[in-house]
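Close look at the chain arrangement
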Amino acid sequence: MKKSTKVILFALIAVMLLALPFAVPSGKMLSDYQYEWMDYAWNAEALLRLLVPSANAEEAVYSLPIDFTPGMTPNPAGYSEESYEDDSISVQLQKIEQDGTIWRVAYVQIKDASQLRTGIAGAKVTSSKTAFVSTMAKKQNAVLAISGDYYINDPNKTSFEYRMGTKIRNKPNKTKDILIIDENGDFHLFIKSAGADNFVSSTGHTIINAFTFGPALVMDGVELTVDKGYSYNPNEKEPRLAIGQMDTLSYVCVVAEGRMSTSAGATAQQMADFMYALGCKQAFCLDGGNTATMVFNGGFYMQKAQERDQSDIIYFASAVDPATWGN
């Protein structure tokens, strides 16, 4: 509620209180109510709740446009070494060392589906331009960002790709799995692309983002057995990157570090094991190898020797207007 509105309401309440002795004979007003009114008189907020129940029912709306504009600038005060928190988003980081591999885990909870966003290196989705994940993350005001699926690196143009509601191409590749994210921020997986081209007509949902990479790791709460003939060297330990949905507007991003003396990496099946153990309902591999990158607060959340150019990122943004930081 605006401050001016509160002042006006409080003034009206004060007038009502002053008029009560004249409007109601003192013998008619029960002492219990007299004391109750006196107690409320000292608390403007309580009076507003009593007389205008909806006055404090207002809730901030946290939403961003479905386009390529950046998210809100994160509040520097919201960061700690391993977390970020404001009224619209929570990010918690965790490092797990397990079976000779270092896993970098980021748990994300957002208030609105529009805070799960994608950014592109070029001015248009048709551009062949590439950029570092960290560069794109800074440009988009990302709280947390990961590399996408490098959609321009497909000479045959046979993939199913959407970014922020914009169709890039919709030619399903029958050898690749697809991840579609709808207007509610919910994940939908399509094994070997089957059914992806009928998603809108069969569900009534809107495609906001879609990625062709994989393999799919967890589907509808069930861990999948990875096809040993899938692309991207699934049976060898490599650096890998995955994103998963845990619950409504709740997600996790994971990097398995690899090709280092301190971390061996993971097979695709080990990635599925890990995402399932975290509690993912849906989980999907994105571009891995030396491309696998996670950026938090402008820096790498991982041991990274060098960064590789990419066409696109997935990122999570704040939806809190900086003008309200002090309120």
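Since this is a predicted model, take the numbers as computed values, not measurements.

The subject of this paragraph is the confidence of the model for the chain. Counting all residues, the mean pLDDT for the chain is 86, and 81% of those residues have values of 70 or more. Low pLDDT (under 50) marks residues 2-7, which in the prediction has 3 contacts with non-local residues, meaning those over four places away or in another chain. Counting contacts from residues 20-57, a segment whose pLDDT is below 50, to residues more than four positions away or on other chains yields 31 contacts.

Moving on to the sheet that holds strand β5 (residues 116-120). Taken together, the 5 strands give an open sheet; going across it, the order is β5-β19-β6-β17-β18, and neighbouring strands pair in antiparallel fashion. Of all strands in the sheet, those bounded by a partner on one side alone are β5 and β18 (299-300). Examined bridge by bridge, strand β6 (residues 144-147) and strand β17 (residues 294-296) share 3 bridges and lie antiparallel to one another. Its bridge partner lying in β17, Ile146 is registered against Met294.

What follows covers the pairing of strand β11 (residues 207-213). Most of β11 sits inside the fold, with 7 of its 7 residues counted as buried. Of the strand pairs in this sheet, strand β9 (residues 177-182) and β11 are connected by 6 bridges, and their pairing is antiparallel. Looking across to β11, one finds that Leu179 is bridged to Phe211.

Formed by 35 residues in total, the largest nonpolar core has its most connected members in Leu144, Ile243, Met294, Phe296 and Phe316. Excluding residues that lie within four positions of it along the chain, Phe316 makes contacts with Ile89, Val108, Ile110, Gln115, Leu116, Ala142, Val143, Leu144, Ile243, Tyr251 and Cys253. Formed by 21 residues, the second largest nonpolar core is a distinct cluster that contains Leu217, Met271, Met275 and Ala283.

Further remarks concern the sheet that holds strand β16 (residues 282-286). Taking strand neighbours across the sheet as the criterion, the 9 strands line up as β1-β2-β3-β4-β15-β14-β16-β12-β13 in an open arrangement whose pairing is antiparallel. Only two strands of the sheet have a single neighbouring strand rather than two, namely β1 (79-80) and β13 (222-223). Strands in contact with helix α6 (residues 268-278) are β3 (89-98), β4 (101-110), β12 (216-219), β13, β14 (240-247), β15 (250-256) and β16; relative to β14, the strand with the most contacts, it is inclined by about 25°.

Applying the stated criterion across every chain, the model contains 9 salt bridges. Ionic pairing is found between Glu257 and Arg104, a salt bridge with its closest N-O pair at 2.6 Å. You can see Glu257 sitting in the loop between β15 and α6 and its partner Arg104 sitting in strand β4, a full 153 residues away along the chain. Classification of Arg104 by relative accessible area gives buried; the value is 9%.

Moving on, we come to the side chain of Ser159. Along the chain, the position of Ser159 falls in the loop between β6 and β7 (160-163). Using a relative accessible area of 4% as the deciding quantity, one classes Ser159 as buried. Within the local environment of Ser159, its side chain forms a polar contact with the side chain of Glu161, the two groups lying 3.4 Å apart. Only 2.7 Å separates the side chain of Ser159 from the side chain of Arg169, close enough to count as a polar contact.

Turning our eyes to something else, we now look at the packing of aromatic side chains. Inspection of every chain in the model, using the stated rule, returns 9 aromatic pairs. Relative to Phe316, the ring of Tyr251 lies with its centre 5.6 Å away and its plane at 40°, an arrangement referred to as tilted. One end of the pair, Tyr251, is in strand β15; the other, Phe316, is in strand β19 (residues 312-316), with 65 residues separating them in the sequence. An aromatic cluster of three or more residues is present, and its members are Tyr79, Tyr84 and Phe296. In this structure, Arg104 packs its charged tip against the face of Tyr301, placed 5.1 Å from the ring centre.

Conventions and cut-offs
Residues numbered from 1 in each chain as written. Predicted model: local features only at pLDDT ≥ 70, side-chain atom pairs only at ≥ 80, totals over all residues. Heavy atoms only, no water. pLDDT = per-residue confidence, 0-100. Contact = heavy atoms within 4.5 Å. Pairing = 2+ DSSP bridges. Helix = DSSP H or I, 4+ residues; strand = E, 2+ residues; numbered from the N terminus. Buried < 20%, exposed > 50% of the residue type's maximum accessible area, 1.4 Å probe, protein only. Core = buried A, V, L, I, M, F, W, Y, C linked by side-chain atoms within 4.5 Å. Axes fitted to C-alpha atoms, helices over the stretch in contact; angles between N-to-C directions. Salt bridge = Lys/Arg side-chain N within 4 Å of Asp/Glu carboxyl O. Polar contact = N/O pair within 3.5 Å; in protein donor to acceptor, adjacent residues only side chain to side chain. Phe/Tyr/Trp six-rings, centres within 6.5 Å; stacked < 30°, edge-to-face > 60°. Lys NZ or Arg CZ within 6 Å of the ring centre and 35° of its normal.

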